[in-house]
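One-letter residues, chain by chain:
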Amino acid sequence: MEKQKLLYEGKAKKVYATQDPKLLIVAYKDDATAFNGQKKGTIQGKGAINNRMTNLLMARLEREGIPTHLVEELSDRETLVKKVSIIPVEVIVRNIAAGSFSKRYGVEEGLEFDAPTLEFSYKNDALGDPLLNDDHIFALGLASREELALVRKYALDVNRLLKEIWRACGVILVDFKVEFGRLENGTIVLADEISPDTCRLWDAKTREKLDKDRFRRDLGGVEAAYAQVMERLAKGL
Ligand code: TMP
């Protein structure tokens, strides 16, 4: 399968058409942004790591019964995926307080929740991705009740499976963001990526941050952290 027209360029990925109208090619970039694009930079080697990590994790989730858009990895930065229409809702699952949760509610980073906490935000850069509750999602016509129920179930299943996978690699899954899309026939599948850009990953022993927070917060060692979690996952899977 070959890349044809560039359909879309996002902050971290490009999406190309292919000869098959039902398939797309995603190409991962080394570009990194934070704070809704206000902070910009490059994380050398990130594109290849995020491509590989997303595909390893999605293949595993697929085997565990979560439908995904993954078709096959084409090269170190490119993957063939099923064409979906993305539901413009960022689905965030949190196991431990961090990031915007800690800031918004004034709780210390590291507070462990009794149960996973689900949160939705509107995937809309112009509005700054505002928080959504279920009724907002229905009022805006972003998803039906049936779709949201399935999204919720898949997100919690993904959390349970990813937590186990990362625990076996000596890593704590603090939180993550996923996106879902609809195939032509309406089937909902997991889409986008699962990577250190979209997950908070802490070393289980030291609680050292091994994810994009190193870039967001200028902690240094960004490339090394991405390489380390990739290596641990490849060994642990
Ligand atoms: P937050 O605490 O900043 O809301 O982030 C929650 C999780 O979502 C965290 O694992 C990082 C991820 N995330 C994205 O993937 N994209 C984004 O644009 C933001 C803000 C967070």
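Above this text sits the structure in question.
It should be emphasised that the depicted structure is a prediction, and the values quoted were computed from it without experimental measurement.

### Remarks on the overall build of the protein chain
When you go through the protein chain residue by residue, the secondary structure sums to 6 helices and 14 strands. Taking 237 residues into account, the globule formula puts the C-alpha radius of gyration at 18 Å, and the protein chain, at 17 Å, falls close to it. Principal-axis analysis of the C-alpha atoms places the extent of the protein chain at approximately 50 × 40 × 35 Å. The buried share of the protein chain, taken over its 237 residues, is 51%.

### Points about the pairing of strand β7 (residues 78–82)
Where burial is concerned, most of β7 is hidden: 4 out of the 5 residues are buried. Pairing geometry for strand β6 (residues 70–73) and β7, over 3 bridges, is antiparallel. Counted as the bridge partner of Glu72 is Leu80 from β7. Once β6 ends, the chain turns through 4 residues before running back antiparallel as β7.

### Observations regarding unusual backbone geometry
With a phi angle near 55°, Phe35 is a residue other than glycine that sits in the positive phi range. Positioned with a positive phi, Arg207 is a non-glycine residue whose angle comes to about 65°. Mapped onto the elements of the fold, Arg207 is located in the loop between β14 (199–203) and α5 (213–216). A residue is classified by how much of its surface remains accessible, and Arg207, at 34% relative accessible area, is partly exposed.

### Description of the packing of aromatic side chains
Scanning all chains against the criterion turns up 3 aromatic pairs. An angle of 65° between the planes, with centres 5.0 Å apart, marks the rings of Phe101 and Phe113 as edge-to-face. Here the residue Phe101 occupies a position in helix α2 (residues 99–105), and Phe113 occupies one in strand β10 (residues 112–122), the gap between them amounting to 12 residues. Accessibility classification places Phe101 together with Phe113 in one group, the buried group. Within the aromatic cluster, the residues linked to one another by ring pairs are Phe101, Tyr105 and Phe113. Sitting above the plane of the Tyr16 ring, Lys3 keeps its charged end 5.1 Å from the centroid. Across from the ring centre of Phe215, 5.2 Å away, lies the NZ or CZ of Lys39, which sits over that ring.

### Description of the packing of helix α1 (residues 46–63) against helix α4 (residues 145–167)
Packing of α1 against α4 leaves a shortest axis separation of 11 Å and a crossing angle of 120°. When the axes of α1 and α4 are compared, the pair comes out oblique. Considering how the two elements wind past one another, α1 and α4 form a crossing that is right-handed. Contacts between α1 and α4 involve Met53, Leu57, Arg60 and Leu61 from the former and Val158, Leu161, Leu162, Ile165 and Trp166 from the latter. Split into classes, the residues belonging to the contact of α1 with α4 amount to 8 nonpolar, no polar and 1 charged.

Here is what the cut-offs are and how they apply
Numbers given for residues are sequential positions, taken from 1 along each chain in its written order. A pLDDT threshold of at least 70 governs which residues receive local features in this predicted model, and a stricter bar of 80 or more applies before side-chain atom pairs are shown or counted, although totals over entire chains, interfaces and linings include all residues. Side-chain measures here rest on the full set of heavy atoms in the structure, leaving out hydrogens and waters. Where helices and strands are cited, they refer to DSSP runs of H or I of at least four residues and of E of at least two residues respectively, numbered from the N terminus. In this setup the radius of gyration rests on C-alpha atoms only. A globule is expected at 2.2 Å times the number of residues raised to 0.38. Any residue under 20% of the maximum accessible area for its type is buried, any over 50% is exposed, and the rest in between are partly exposed; the area is computed with a 1.4 Å probe on protein chains only. Being paired, for any two strands, means DSSP has found at least two bridges between them. The aromatic pairing rule takes the rings of Phe, Tyr and Trp, using the six-membered ring of Trp, and pairs them if the centres are within 6.5 Å, calling planes under 30 degrees apart stacked, those over 60 edge-to-face and the rest tilted. For a lysine, the NZ atom is tested; for an arginine, the CZ atom; a charge sits over a ring if that atom is within 6 Å of the ring centre and within 35 degrees of the ring normal. Simply put, an axis is a line fit to the C-alpha atoms, just over the touching stretch for a helix, and the angle between two N-to-C directions goes from 0 to 180 degrees. An angle below 35 degrees is read as roughly parallel, one above 145 as roughly antiparallel, one from 65 to 115 as roughly perpendicular, and any other as oblique. Here a crossing is called left-handed whenever its near helix is offset anticlockwise from the far helix by less than a right angle, and right-handed whenever the offset is clockwise. We call two residues in contact when some of their heavy atoms are within 4.5 Å. Side-chain classes are defined by residue name, with Ala, Val, Leu, Ile, Met, Phe, Trp, Tyr, Cys and Pro counting as nonpolar, Asp, Glu, Lys and Arg as charged, and the others, Gly among them, as polar.

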